[in-house]
There are 2 protein chains.
Amino acid sequence: MQPLKLALGGLLLAASSTAAHADALRDQANAIFKPIPEQVAGLDAAQVELGRQLFFEPRLSASHVISCNTCHNIGTGGADNVPASSGHAWQKGARNSPTVFNAVFNIAQFWDGRAKDLEEQAKGPVQNPVEMHNTPNNVEATLKSMPEYVAAFGKAFPGDKQAVSFDNMARALQAFESTLITPDSRFDQYLKGDDKALDAKEKKGLQAFMSAGCISCHNGVNLGGQAYFPFGLVKKPDASILPSGDKGRFAVTKTQNDEYVFRAAPLRNVALTAPYFHSGQVWDLEEAVTIMGTAQLGKQLDAGEVGDIVAFLKTVTGKQPQVQYPLLPPSTATTPRPVD
Amino acid sequence: MQPLKLALGGLLLAASSTAAHADALRDQANAIFKPIPEQVAGLDAAQVELGRQLFFEPRLSASHVISCNTCHNIGTGGADNVPASSGHAWQKGARNSPTVFNAVFNIAQFWDGRAKDLEEQAKGPVQNPVEMHNTPNNVEATLKSMPEYVAAFGKAFPGDKQAVSFDNMARALQAFESTLITPDSRFDQYLKGDDKALDAKEKKGLQAFMSAGCISCHNGVNLGGQAYFPFGLVKKPDASILPSGDKGRFAVTKTQNDEYVFRAAPLRNVALTAPYFHSGQVWDLEEAVTIMGTAQLGKQLDAGEVGDIVAFLKTVTGKQPQVQYPLLPPSTATTPRPVD
């Protein structure tokens, strides 16, 4: 029996070493990443409900055609899957629309972080002439013209004398958007202890994602979104991907160090949000990973590594938000008319 | 006691006469109109479910930006509440987008009835160069590029060798749109016997709607939508409302009698679907009713009659459809790219 016992011992040792190795990988991952929570605490139900209406409200745009959901589509990963969104009069946005999903966990909003939170962000596209092309005054006049909105704002902001305001519109949107989170991805199941949630290739990808250095920028709950880095840290990518006219965060800080600096893209649901980068010029996740390798890490990742990393990245797609399409109040005689 | 008995008898008589009168009004209304049913029978659940995705699918348009819901918004009465929709490259549609709600009950689709049903209708905007600007081939390539759609079409059309087809897209859309109905309006409650569902003014409006002759065109389950009539039967309205360049059904039949002929607008949820008429140039329901009086009936309805009729028309707003926003499959490497 001795040889068999030895052999069994070897098997047990191997199994236990694999388990230890698996735990080590998970421990390492848990030191770097965090699962998406089941919900964001402290949200006001009336604000969330109002925000749901406002998110789908085309009358926040001058044309009465464009809503938040137009560019941050709930059905397609919270983004619009085009290089640059079509705004008022079919004008194109300067950068790819980032996903609204899990955006509440980002350190700041927009590719250059120019809005400190979702409330501040919400006011941007509404006023941007190439996006919704509206004004705070006109938005307030629009919302005040509909008794149902007046009542809903009153309920959501009971302390305010002027409950219907552009600011409160933004607060309600922030409340609703804070519910647009995607917990329970296979990766999060893995982080929480379910070893079978990832297969061998995906774990290899996770390992490669960590050891190659991707985690320098893509870490935390959103695998990114927490800090700013120059795009082309090691080697500038092609001008079609990093157009010279867009200097990123430099426009916000006017600091030369911030030229071509962008907030690290959060990678949650990245498999749903092509095309990639602020320029929206790369459709293929493999290609995007390869470009990141050369541009940010100075590494030519081989096809095997890229394939493993992409397999891993596909496991961070979480449970997508289930949203009931809201009923919106009818316009009245005093509702400002749409503008072309 | 004799005088009291007489007085009581008089009261009873009056009450019974009012009841008889109320029943007469309802009987008359029931001879002309029909309530919206709770549901349309015979729909295939898998087709409805696929149709729900397709209805919100922006990739049915060449730009990947415009979906059916863009112009037939579920949240705003099934229409878009602008004079003419903005299509591909911000081009304007030739006519006001009709509501999709209860459209299944119309005799035919479009203002000129050029599509015999919702299936045929669905193929129109997808291919119209000023609307979604797509082609059947490109739509099929798009849908075939996503395994989730291939599976959903297979489930919805199990008998078909080529389940993913432009025709089946239209069939699925028809199935879903057949669920977009609005039963249980106060008017329908009244038709079914609830005398208190309408107040005195609304009943007066119903009476006026019938006696003034509106019901010649606006009758049946949709209060319209069942037959074709010349706009300006008695007196042509202003050219801004009836532009001379749009000869309506004449373009379909090439029959001179059909010049400026349109399908009578179905009036269900009319309070939610401003602006009015095929030209979408009238925002106010009172004004629209007044114009109909002069143009179609040769009558200058007075303000009281108009007010009563509008009060009645507001009672035909039914229970709006509750729709879960669908999750759409991600594009793949073979999905045709958006076109500007």
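Residues numbered from 1 in each chain as written. Chains lettered and ligands numbered in written order. Predicted model: local features only at pLDDT ≥ 70, side-chain atom pairs only at ≥ 80, totals over all residues. Heavy atoms only, no water.

Asker: Hey, could you run me through the packing of helix 9 (residues 200–211) of chain B against helix 12 (residues 303–313) of chain B in this one?
Answerer: Residue and element names in this part refer to chain B. Where helix 9 contacts helix 12, the two axes come as close as 7 Å, and the packing angle between them is 105 degrees. If you check the angle between helix 9 and helix 12, you find them roughly perpendicular. Along its contact with helix 9, which presents Lys 201, Glu 202, Lys 204, Gly 205, Leu 206, Ala 208 and Phe 209, the element helix 12 presents Gly 307, Asp 308, Ile 309, Ala 311, Phe 312 and Leu 313. In terms of residue class, the contact of helix 9 with helix 12 is built from seven nonpolar, two polar and four charged. (Axes fitted to C-alpha atoms, helices over the stretch in contact; angles between N-to-C directions. Helix = DSSP H or I, 4+ residues; strand = E, 2+ residues; numbered from the N terminus. Parallel < 35°, antiparallel > 145°, perpendicular 65-115°, else oblique. Contact = heavy atoms within 4.5 Å. Nonpolar A, V, L, I, M, F, W, Y, C, P; charged D, E, K, R; others polar.)

Asker: What is the right way to look at the relation of the copies chain A and chain B in this model?
Answerer: Two copies of the chain are present, and they differ by a rotation about an axis and a shift along that axis. Once turned by 180 degrees and shifted 0.0 Å along the axis, chain A lies on chain B with an RMSD of 0.0 Å. Classification of the inter-copy transformation places it as that of a two-fold axis. No C-alpha of chain A approaches the rotation axis more nearly than that of Gln 324 of chain A, which lies at 2.2 Å. (Least-squares fit on C-alpha atoms with pLDDT ≥ 70 in both.)

Asker: What am I meant to see in the pattern of salt bridges here?
Answerer: Opposite charge on two side chains lets them pair, provided their charged atoms get close. Residue and element names in this part refer to chain A. Applying the stated rule across the entire model yields 38 salt bridges over all chains. Between Glu 120 and Lys 116 there is a salt bridge, and its shortest N-O distance comes to 3.6 Å. Exposure remark for Glu 120: the relative accessible area of 33% places this residue in the partly exposed category. Look at the salt bridges and you will find they share partners, linking Asp 23, Arg 26, Asp 195 and Lys 203 into a network. (Salt bridge = Lys/Arg side-chain N within 4 Å of Asp/Glu carboxyl O. Buried < 20%, exposed > 50% of the residue type's maximum accessible area, 1.4 Å probe, protein only.)

Asker: I tried to follow the packing of aromatic side chains on my own but got confused; where do I start?
Answerer: Between two aromatic rings, the relevant description is the distance of the centres plus the angle of the planes. Going through the model one piece at a time under the given rule, you end up with 23 aromatic pairs over all chains. Their ring planes at 75 degrees and their centres at 5.6 Å tell us that Phe 55 of chain A and Phe 56 of chain A sit as a pair that is edge-to-face. Centroid distance Phe 33 of chain B to Phe 209 of chain B: 6.2 Å. Interplanar angle 40 degrees. Geometry classified as tilted. One end of the pair, Phe 33 of chain B, is in the loop between helix 1 (2–32) and helix 2 (45–55); the other, Phe 209 of chain B, is in helix 9, with 176 residues separating them in the sequence. Ring pairs connect the aromatic residues Phe 55, Phe 56, Phe 176 and Tyr 325 of chain A together with Phe 55, Phe 56, Phe 176 and Tyr 325 of chain B, which therefore count as one cluster. (Phe/Tyr/Trp six-rings, centres within 6.5 Å; stacked < 30°, edge-to-face > 60°.)

Asker: Whenever I open this one, the domain arrangement of chain A confuses me. Can you help?
Answerer: How big an interface is tends to be stated in terms of accessible area lost as the parts join. Residues and elements named next belong to chain A. Here chain A is partitioned into domain 1 (24–36 + 183–315) and domain 2 (45–179). Relative placement of domain 1 and domain 2: their C-alpha centres are 27 Å apart. Listed per partner, the contact involves 28 residues of domain 1 and 21 residues of domain 2. Both faces combined, the contact of domain 1 with domain 2 buries some 2000 Å², and carbon together with sulfur accounts for 52% of it. A per-residue breakdown of the area domain 1 buries against domain 2 is headed by Gln 226, Arg 263 and His 278, which together make up 26% of the total. In this structure, Arg 95 and Asp 246 form a salt bridge, with 2.7 Å as the shortest nitrogen-oxygen distance. Across the domain 1-domain 2 interface, the total number found is twelve residue pairs in polar contact (both at pLDDT 80 or more). (Domains from an automatic or database assignment. Buried area = accessible area lost by both parts, 1.4 Å probe. Polar contact = N/O pair within 3.5 Å; in protein donor to acceptor, adjacent residues only side chain to side chain.)

Asker: Looking at this structure, I do not really get the confidence of the model for chain A. What am I missing?
Answerer: Residue and element names in this part refer to chain A. Across chain A, the average pLDDT comes to 94, with 94% of residues at 70 or higher. Across residues 1–14, confidence stays below pLDDT 50; counting only partners more than four residues off in sequence or on other chains, it has zero contacts. With pTM at 0.94, the complex prediction returns an ipTM value of 0.93. (pLDDT = per-residue confidence, 0-100.)

Asker: Is there a simple way to think about the side chain of Asn 222 of chain B in this case?
Answerer: Counting through the fold element by element, Asn 222 of chain B comes out in the loop between helix 9 and strand 1 (228–230). Discounting residues that sit within four places of it in the chain, Asn 222 of chain B has contacts with Ile 36, Asn 102, Phe 105, Asn 106, Pro 266, Leu 267 and Arg 268 of chain B.

Asker: What's the story with the interface of chain A and chain B in this structure? I'm lost.
Answerer: Counting from both sides, the interface comprises 38 residues of chain A and, opposite them, 38 residues of chain B. Of the roughly 3100 Å² buried between chain A and chain B on both sides combined, carbon and sulfur atoms contribute 63%. For the chain A face of the interface with chain B, the top three residues by lost area are Trp 90, Tyr 325 and Leu 327 of chain A, together amounting to 25%. For the pair chain A and chain B, the interface holds two salt bridges.

Asker: Would you mind showing me how to read the nonpolar core here?
Answerer: In a soluble, globular protein the nonpolar side chains are often hidden away together inside. Counting 72 residues, the largest nonpolar core has Leu 54, Phe 153 and Met 169 of chain A together with Leu 54, Phe 153 and Met 169 of chain B as the members making the most contacts within it. Not counting residues within four places of it along the chain, the set of residues in contact with Leu 54 of chain B comprises Leu 60, Cys 68, Leu 143, Tyr 149, Phe 153, Met 169, Ala 172 and Leu 173 of chain B. Among the nonpolar cores identified, the runner-up in size contains 41 residues, and Phe 209, Ala 274, Phe 277 and Ala 295 of chain A belong to it. (Core = buried A, V, L, I, M, F, W, Y, C linked by side-chain atoms within 4.5 Å.)

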